[in-house]
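# Architecture and fold: a report
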Amino acid sequence: VQLQASGGGLVQAGDSLRLSCAASGRTLSSYVMGWFRQAPGKEREFVAAVRWSAGITYYTDSVKGRFTISRDKTENMVYLQMISLKPEDTAVYYCAAASRVITTTIRYPSAYDYWGQGTLVTVSS
């Protein structure tokens, strides 16, 4: 699976941004698609995930109510709609794909097989 993330940029606190991830190379029906982020000097952390087939979504607590993950099956795209952005959301955002993952491990980067190149989101205060 090849993943291409885009949509990052410099925004002000309170603004919105939508990240996109184009997936190609495999049928994604059994996959989980995730978004992770990594701030300078910090470990990569889970943001959100969606089960491609069923559309079940998962979020880390700090983004619940502000971020929405979605997928477009016809276009093989995954999106992360972000509203009410905060300076602490500043990070490089990565999309990732996991061929087999159970719910209890869905937040772990090691559960994902494929990664995109990352897109930088900078939120100024």
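Structure shown above.
Residues numbered from 1 in each chain as written. Predicted model: local features only at pLDDT ≥ 70, side-chain atom pairs only at ≥ 80, totals over all residues. Heavy atoms only, no water.

On to the sheet that holds strand β3 (residues 17-24). The strand order across the open sheet built from four strands is β1-β3-β8-β7, with neighbouring strands paired in antiparallel fashion. With one partner strand each, in any of the chains shown, β1 (2-6) and β7 (67-72) form the two edges of the open sheet. The average angle at which neighbouring strand axes cross in this sheet is 15°, direction not considered. Sheet topology places β7 next to strand β8 (residues 77-82); six bridges connect them, and they run antiparallel. Paired with Asp72 across the bridge in β8 is Met77. (Pairing = 2+ DSSP bridges. Helix = DSSP H or I, 4+ residues; strand = E, 2+ residues; numbered from the N terminus. Axes fitted to C-alpha atoms, helices over the stretch in contact; angles between N-to-C directions.)

What follows covers the pairing of strand β11 (residues 119-124). The alternating pattern of β11 places Thr119, Val121 and Val123 on a buried face, while none of Leu120, Thr122 and Ser124, on the opposite face, is buried. The pairing of strand β2 (residues 9-12) with β11 spans four bridges and is parallel. Within β11, the position partnered with Gln12 by the bridge is Ser124. Here three bridges tie strand β9 (residues 91-98) to β11, and the two strands are oriented antiparallel to one another. Residue pairing in the sheet places Tyr93 in a bridge with Thr119 of β11. (Buried < 20%, exposed > 50% of the residue type's maximum accessible area, 1.4 Å probe, protein only.)

Among the nonpolar cores identified, the biggest contains 31 residues, and Met33, Trp35, Leu80, Met82 and Tyr93 are the most heavily contacted of them. Of all the elements in the fold, those that place two or more residues in this core are β1, β3, β4 (32-38), β5 (45-51), β7, β8, β9 and β11. Sequence-distant contacts of Leu80, defined by excluding residues within four places in its chain, comprise Leu17, Arg18, Leu19, Trp35, Val47, Ala48, Phe67, Thr68, Ile69 and Tyr93. Tyr58, Ile106, Ala111 and Tyr112 belong to the second-largest nonpolar core, a separate cluster that totals 11 residues. (Core = buried A, V, L, I, M, F, W, Y, C linked by side-chain atoms within 4.5 Å. Contact = heavy atoms within 4.5 Å.)

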